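# A look at the structure
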Amino acid sequence: IAYAHVRGGGEQGKIWHSSAQKQLKINSIMDLHDSITTLHDLKLSTPNLTIVKGTSAGGLTVGALINMFPKVCKGAVMKVPFLDVMNTMLDEDLPLTKHEYDEWGDPKRDREVYEAMKKYDPYLNLGKGEKGIGEGADVMVIGTMIDRRVPYWNQVKWMAKWRMKMKELERKEREKGGELGEKRRVAVMRMMKESGHLGEGGSYSTMREESLELMWMYKILGIKPN
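Let me sum up the structure you'll find in this document. (Residues numbered from 1 in each chain as written. Predicted model: local features only at pLDDT ≥ 70, side-chain atom pairs only at ≥ 80, totals over all residues. Heavy atoms only, no water.)

### Things to note about the side chain of Thr50
Examined against the element boundaries, Thr50 turns out to sit in the loop between helix 2 (26-41) and strand 1 (51-55). Taking the relative accessible area as the measure of exposure, Thr50 reaches 10% and is therefore buried. (Helix = DSSP H or I, 4+ residues; strand = E, 2+ residues; numbered from the N terminus. Buried < 20%, exposed > 50% of the residue type's maximum accessible area, 1.4 Å probe, protein only.)

What follows is the structure, given as structure tokens:
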């Protein structure tokens, strides 16, 4: 297990945090990419043995990563991820949009923020690569129905678009007389009804959630637990 303390987090103080805010958010994504590829260069892992996990804003970073660098990992777990950034930050009627301007910027009034956000937004850029999602990671998405920080439709919209892209890929392969084969990716979504942004709480609930995630990771990696 490796923890990536990317810019945008608070591990190294205020300057570290602010160096990946607003139009600089791409720094978080590039830091995560560099952290992963460093592990690969050091022979500590390989792309086929790497699963990346991010929660909330970290889920955004993971979602952007697998769009930009689809072959960097085998799988991705995104927990209550902020995936529909642009549409959320353009909607001032949502309760937290204006409150989050300091973090993400105001794409409606700041052109630089808008252009930067358009490039990294996980929902807008899903499947835009040359081979679409067929060359990317398998994905597990976890959301909650009563999340007041990241509305559940962030995850639902992203998953609906992912499935549409996979169907498009299947159709194109059939038209060429072939099948998806190794291009077939797996995406699962777990939507919890009674937990908030931080989960259900309690040690047993936490262990149950972590066990489900580990079970999925083992399956994707082809590992049989002892």
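### Some points on the pattern of salt bridges
Applying the stated criterion across every chain, the model contains 14 salt bridges. Note that Glu213 is salt-bridged to Lys53, the shortest N-O span being 2.6 Å. Placement of Glu213 in helix 8 (residues 203-221) and of Lys53 in strand 1 is noted, with a sequence separation of 160 residues between them. For Lys79, the salt bridge identified is with Glu213, shortest N-O distance 3.1 Å. With Lys79 in strand 2 (residues 75-79) and Glu213 in helix 8, this residue pair connects regions lying 134 residues apart in the sequence. Both residues of the pair, Lys79 and Glu213, count as buried. Here the salt bridges share partners, and the residues they tie into one network are Lys53, Lys79, Glu209, Glu210 and Glu213. (Salt bridge = Lys/Arg side-chain N within 4 Å of Asp/Glu carboxyl O.)

### Describing the environment of Lys157
Examined against the element boundaries, Lys157 turns out to sit in helix 7 (residues 153-175). By relative accessible area, Lys157 is classed as partly exposed at 29%. In the structure, Lys157 is positioned 124 residues away from His33 in sequence and 25 Å away in space, judged by C-alpha atoms.

Read these as geometric descriptors, not functional statements.
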